[in-house]
Number of protein chains: 2
Amino acid sequence: MPEFLDLHSRTTKVLRALVETAMRRHGLHQGQDHLLAALWKRDGGTPGEIAAALHVTTPTVVKMATRMSAVGLLTRRRDEHDSRLVRLWLTDAGRALREPVEAERRNLEEKITADLTEDERRLLMTALGKIHKAGGDLL
Amino acid sequence: MPEFLDLHSRTTKVLRALVETAMRRHGLHQGQDHLLAALWKRDGGTPGEIAAALHVTTPTVVKMATRMSAVGLLTRRRDEHDSRLVRLWLTDAGRALREPVEAERRNLEEKITADLTEDERRLLMTALGKIHKAGGDLL
DNA sequence: CCCTAGTCATTTGCCGTCTAACGATTGATG
DNA sequence: CATCAATCGTTAGACGGCAAATGACTAGGG
């Protein structure tokens, strides 16, 4: 089994578990913080726009939005000028999560990268960036 | 949004898509190659053993095994000495996938890391390794 | 002005993954 | 030797994710 692919997949599992438990503290599931982040950046986005921003398909956003609106994090409303569109709007509860969730994520990133030297951190980012780009080109 | 966590999650999405399409060429779904790899290494493993080797829960292996046995990649058989145990055995079809799948994975790894210098590749592994370890400790 | 082609969101169905509940078997203990 | 705790696999149900099919609405062309 190839070295990098293998290590990356194991790391992904660990990180996912970590993010999962961190986000559950705020009543969120894995990925929902990203959807919220998209709305924090630009409230009232359409499922299609958000899906593109998150690099995810539209049905994924639709499903998540349904669950998140069920727990009162956001609301759905059709666009007034184009009835094909739906816009997702944050509720106060959704807005209120911004600070704690962003802090949680920063905190996690720090703990995770604590053992790295500044050089390692920088090189890790450029190397991962290259791989991300190469992968995207192959897609 | 933290730098590394963000880049890592984007990279994961890309890599998953890549692995997915690569494995689909052999009639596999994401993750099933790992299950097969475990059996290639040691045929007749129990769901629990395999789950531990893959860093995944037992139910996940059970479900995958059900689907994979339905398409004839492996068979289930109860252990003769301990009827609580179930052992998964490769079929010829499952064994036959070994070379092509391993080649596919090596090929993908090469293409993905082609842009990296030898130094970058080495540092990437040690840095990712540190993160993997730090994450595991936090779990 | 109507009809068609394009654009969206949604639904459906599948897969991997997890946690929690359930069921069966083994083994140790009194 | 019978019972009870530990050990396994399986099932049930939830979630993120994807592809394909469906349905509603808009806009452009005749």
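Residues numbered from 1 in each chain as written. Chains lettered and ligands numbered in written order. Predicted model: local features only at pLDDT ≥ 70, side-chain atom pairs only at ≥ 80, totals over all residues. Heavy atoms only, no water.

Colleague: Just checking my understanding: could you explain the protein's contact with DNA strand C for this structure?
Modeller: Contacts to DNA strand C come from 25 residues, most closely from Arg76 of chain A together with Gln32, Thr57, Lys63 and Arg67 of chain B. What you see for DNA strand C is that sugar and phosphate hold 73% of its atoms within 4 Å of the protein. Lys63 of chain A places a polar side-chain atom, nitrogen or oxygen, 3.3 Å from a base oxygen of DNA strand C. If you list the elements that add at least two residues to the surface near DNA strand C, you get helix H3 (47-54) and helix H4 (58-70) of chain A together with helix H4 (58-70) of chain B. With five residues, H4 of chain B is the largest single contributor of residues to the surface near DNA strand C. (Near = heavy atom within 4 Å. Polar contact = N/O pair within 3.5 Å; in protein donor to acceptor, adjacent residues only side chain to side chain. Helix = DSSP H or I, 4+ residues; strand = E, 2+ residues; numbered from the N terminus.)

Colleague: What is the right way to look at the interface of chain A and chain B in this model?
Modeller: One frequent convention defines the size of an interface as the accessible area lost when the parts assemble. Every contact between the two is made by 44 residues of chain A and, on the other side, 44 residues of chain B. Between the two partners, chain A and chain B, sit two salt bridges. Glu120 of chain B is the salt-bridge partner of Lys130 of chain A, the closest N and O atoms lying 3.1 Å from each other. Counting across the chain A and chain B interface gives eleven residue pairs in polar contact (both at pLDDT 80 or more). For the side of chain A that touches chain B, the secondary-structure elements that each account for two or more residues are helix H1 (3-24), helix H6 (98-112) and helix H7 (118-138) of chain A. Examining the composition of the side of chain A that touches chain B, we find that 15 residues originate from one element, H7 of chain A, more than from any other. Looking at the side of chain A that touches chain B residue by residue, the class counts come to 22 nonpolar, twelve polar and ten charged. (Contact = heavy atoms within 4.5 Å. Salt bridge = Lys/Arg side-chain N within 4 Å of Asp/Glu carboxyl O. Nonpolar A, V, L, I, M, F, W, Y, C, P; charged D, E, K, R; others polar.)

Colleague: Help me understand the relation of the copies chain A and chain B, please; the structure alone is not making it clear to me.
Modeller: Each of the two chain copies goes to the other by way of a rotation about an axis and a shift along it. For the pair chain A and chain B, the best superposition has an RMSD of 0.0 Å and corresponds to a rotation of 180 degrees with a translation of 0.0 Å parallel to the axis. Taken together, the turn and the small shift mark the pair as related by a two-fold rotation axis. When each C-alpha of chain A is compared by its distance to the rotation axis, Leu124 of chain A comes out closest, at 2.7 Å. When the interface residues of chain A are mapped onto chain B, 100% of them again lie at the interface, so the same face is used by both copies. (Least-squares fit on C-alpha atoms with pLDDT ≥ 70 in both.)

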